[in-house]
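# Analysis of the macromolecular model
So you can see what is in the structure, the chains are spelled out below.
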Amino acid sequence: MNIRNGLVEAIGNTPLIKLQRASAATGCTILGKAEFLNPGQSVKDRAALFIIKDAVARGELRPGGVIVEGTAGNTGIGLALVGNALGFRSVIVIPETQSQEKKDMLRLAGATLVEVPAVAYANPNNYVKVSGRLAEELAKSEPNGAIWANQFDNVANRQAHIETTGPEIWDQTEGEVSGFVCAVGTGGTLAGTAMALKERNSRIQIALADPFGAALYSYYTTGELKSEGSSITEGIGQGRITENLKDAPIDHAYRIPDAEAVQIVFDLLEHEGLCLGGSSGINVAGAIHLAKELGPGHTIVTVLCDYGTRYQSKLFNPTFLREKGLPVPGWLERKVELPN
Ligand code: PMP
């Protein structure tokens, strides 16, 4: 029998999907790791599981204990679902700017949701810092422990990708992978996968795909953390070198405008049936840039981070898109005339 023993064993081992149009346009084989097929519909299920397992192993979290985290949403969804499966409660601090769909999902999964204004990391009221203080407070009163998941600087996050995502990509491509590219939220996916792949073949090229509003493109090209512009993408766009990003072996960096990324998201849905969030568009755009830089014949892997329905009210909303000066997919406004 081929059975996954509970939700935890259903995380990971996602398929690699060949992206037909990106491959045809570049003469490369461009593959998307289908992380939207995880039980929580995002790549962050992997980090959530490793962070919880690590806290349990260190004795900080006992059955009935509480997991506290500041998150753009997907990590919180992963923590809430894995928490339910393993007997922990979750308290999630989220910037109020994040999509309603992610907040709704967190509430329906039973997480206690704390919405805070979106302010910069340097501000003590930033969602990450609020979650850290909340965890400290709860740890004083919770008999079974309360932990701060601290996904940005807790390297149990990238360990998930060192132990699972990277080796899966290596095995699924039978070692043929020649490049890996993705965007950074915490950096866990990029750094962990990169480390696992470089360890197996140091010639594999690693690239960052950065949205506007993030500072890492500037950091990896000039050594200076500097950002310009902004992006509608959620879950990515980092302004500092997190603990997870430290020592990440990055060879190339690209900055991707939203207009390029959202057009890719719409094309993937219209022509290939893949319903994805905005960060996947940044990633596939990055894969196309890396493919062009490396030349035809290479196998480039990127990450299809999360499911598109999570952004129905924004990325797939003509009013929102028009406000942001972004392309609007024709089918969203198509009307059917019924015969009399
Ligand atoms: N895409 C989405 C939609 C995400 O939620 C995240 C995580 N915040 C990422 C990409 C980036 O992943 P990581 O935190 O591993 O850098």
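Cut-off values and rules
- Counting restarts for each chain: residues are numbered from 1 in the order of the written sequence.
- Restriction of local features to residues with pLDDT of at least 70 applies here, the model being predicted, together with a cutoff of 80 or more for giving and counting side-chain atom pairs; totals for whole chains, interfaces and linings are based on all residues.
- Using a C-beta atom placed from the backbone, a residue is scored as near a molecule or strand whenever that atom is within 6 Å of it.
- Residues were grouped as follows: Ala, Val, Leu, Ile, Met, Phe, Trp, Tyr, Cys and Pro as nonpolar; Asp, Glu, Lys and Arg as charged; and all remaining residues, including Gly, as polar.
- The nonpolar core criterion groups buried Ala, Val, Leu, Ile, Met, Phe, Trp, Tyr and Cys residues into a set whenever they are joined through C-beta atoms within 7 Å.
- Here a residue counts as buried when 20 or more other C-beta atoms fall within 10 Å of its C-beta, as exposed when 12 or fewer do, and as partly exposed in between; the C-beta atoms come from the backbone.
- The secondary structure listing takes helices from DSSP runs of H or I that are at least 4 residues long and strands from runs of E that are at least 2 residues long, numbered from the N terminus.
- We call two residues in contact whenever the C-beta atoms placed from their backbones are within 7 Å.
- Domains are outlined according to an automatic or database domain assignment.
- UniProt positions are given in the numbering used here, feature names are shortened, and annotations may be inferred rather than shown by experiment.
- Paired strands, as defined in this entry, are two strands with at least two bridges between them according to DSSP.
- Lines fitted to C-alpha atoms define the axes here, with helix axes fitted over just the stretch in contact, and angles between the N-to-C directions of these axes take values from 0 to 180 degrees.

## So, the site of the ligand
Taken together, 20 residues are adjacent to the ligand, and G185, T186, T189, G235 and S279 come closest. Classifying every residue of the shell around the ligand by side-chain character gives seven nonpolar, 10 polar and three charged.

## Re the nonpolar core
Membership of the largest hydrophobic core comes to 61 residues, with the highest contact counts inside it found for F180, L208, A209 and A287. A total of seven residues in this core trace back to one element, the largest contributor, which is helix α10 (residues 278-294). Once you skip the residues sitting within four places of it in the chain, L208 turns out to touch V184, L190, L216, Y217, Y220, I250 and A253. Grouped together as the second largest cluster of nonpolar side chains are 35 residues, F50, A55, V68 and W148 included.

## Quick word on the domain arrangement of the protein
Examined at the domain level, the protein breaks down into domain 1 (8-37 + 160-324) and domain 2 (43-148). A C-alpha centroid distance of 24 Å is found between domain 1 and domain 2. Of all elements in the fold, only α6 (156-172) and α7 (188-200) reach the threshold of two or more residues within the side of domain 1 that touches domain 2. Top element by residues in the side of domain 1 that touches domain 2 is α6. It accounts for four residues. The class makeup of the residues in the side of domain 1 that touches domain 2 is six nonpolar, 12 polar and six charged.

## Here's the deal with the environment of P143
Tracing the chain through its elements places P143 in the loop between α5 (127-141) and β6 (146-148). With 80 residues separating them in the primary sequence, P143 and P63 have C-alpha atoms 10.0 Å apart.

## As for the UniProt feature "domain: Tryptophan synthase beta chain-like PALP" (unreviewed entry) in the protein
Mapped onto the present numbering, the UniProt feature "domain: Tryptophan synthase beta chain-like PALP" (unreviewed entry) falls on residues 9-306. Across residues 9-306, helical content stands at 43% and strand content at 17%; the span's end C-alpha atoms are separated by 19 Å.

## Re the sheet that holds strand β7 (residues 179-182)
Ordered in space as β1-β2-β10-β7-β8-β9, the six strands form an open sheet in which the pairing is mixed. Because the sheet does not close on itself, it has two edges, and the strands there are β1 (16-18) and β9 (252-256). The mean angle between the axes of side-by-side strands here comes to 25°, regardless of whether they run parallel or antiparallel. In the sheet, β1 pairs with strand β2 (residues 29-34) via three bridges, with the strands oriented antiparallel. Following the sheet pairing, I17 is matched in β2 by G32. Across the sheet, α7 is in contact with β7, β8 (205-211) and β10 (299-304); its angle to β7 comes to roughly 170°.

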